[in-house]
Amino acid sequence: MPKEILPNLSGIRPPIRGNIMKNCPCGSQNQYEACCAPIHEEHKNALSAENLMRARYAAFVKNKVEFIDKTNVPGTEDFNIEDAKRWSSESKWDHLEIINTIDGQKDDTTGVVEFKAFYNDAEDKEHIHHEVADFKKIDDLWYYTDGKVMGIGTVKREGPKVGRNEPCPCGSGKKYKKCHGKA
């Protein structure tokens, strides 16, 4: 039986743990240095509303909250940078899911990105931030203008309010509190 010849691997070193480049937190499957890092360094590198959305998420993960502030549409007054820093640093960010985009490309002036950001809070409780975010291009730079958080809002009653002592709407003839109003 012939002896198996193995290649000489003595010149190849295994990667050093902790020195391996990781994928960008935005979910692109690209390395951070080639994906969102250039956008964090130069706002002009966000070529679409979705690029900016991904970079903003990555900024929360990397605790680069100044980038979030800088990419809010000029004149934004309701952004609290200290609250954002606290949320960013106290959360364990899991992943970003882009659900839908409308416009927001190179030749557009507005765009919409629907996304879900998955994270755990300081008490390790899981959360999903689901938002439909609006973006606007001003002087060839994309900015976040506003967003609507999904799943939060006023609950509207489908039928009329029924008092405890009123007849039950089911038609039983009993008071609501003795019929369908039992707790």
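Rules used throughout
Residues numbered from 1 in each chain as written. Predicted model: local features only at pLDDT ≥ 70, side-chain atom pairs only at ≥ 80, totals over all residues. Heavy atoms only, no water. Helix = DSSP H or I, 4+ residues; strand = E, 2+ residues; numbered from the N terminus. Contact = heavy atoms within 4.5 Å. Areas by Shrake-Rupley, 256 points an atom, 1.4 Å probe, with all protein chains shown as cover. Buried < 20%, exposed > 50% of the residue type's maximum accessible area, 1.4 Å probe, protein only. Pairing = 2+ DSSP bridges.

*Asks:* Hey, could you go over the overall build of the protein for me, with residue numbers and the actual values?
*Replies:* Counting its secondary structure elements, the protein contains 4 helices and 4 strands. What you see in the protein, going N to C, is helices and strands ordered as α-α-α-α-β-β-β-β. Long-range contacts, defined as pairs at least 24 residues apart, comprise 39% of the intrachain contacts of the protein with a sequence gap of at least 6. Taken as a whole, the protein presents about 13300 Å² of accessible surface, with 49% of it coming from carbon and sulfur.

*Asks:* Report on the pairing of strand E2 (residues 110-120), specifying residues and quantitative values.
*Replies:* Burial within E2 is extensive, with 8 of its 11 residues counted as buried. One ladder, built from 10 bridges, connects strand E1 (residues 92-103) with E2; its direction is antiparallel. Across the sheet, the residue bridging to Trp 93 is Tyr 119, located in E2. Bridge count for E2 against strand E3 (residues 126-138) is 11 bridges, and the pairing is antiparallel.

Note that every value here comes from positions in space, so none of it alone points to a role or purpose.
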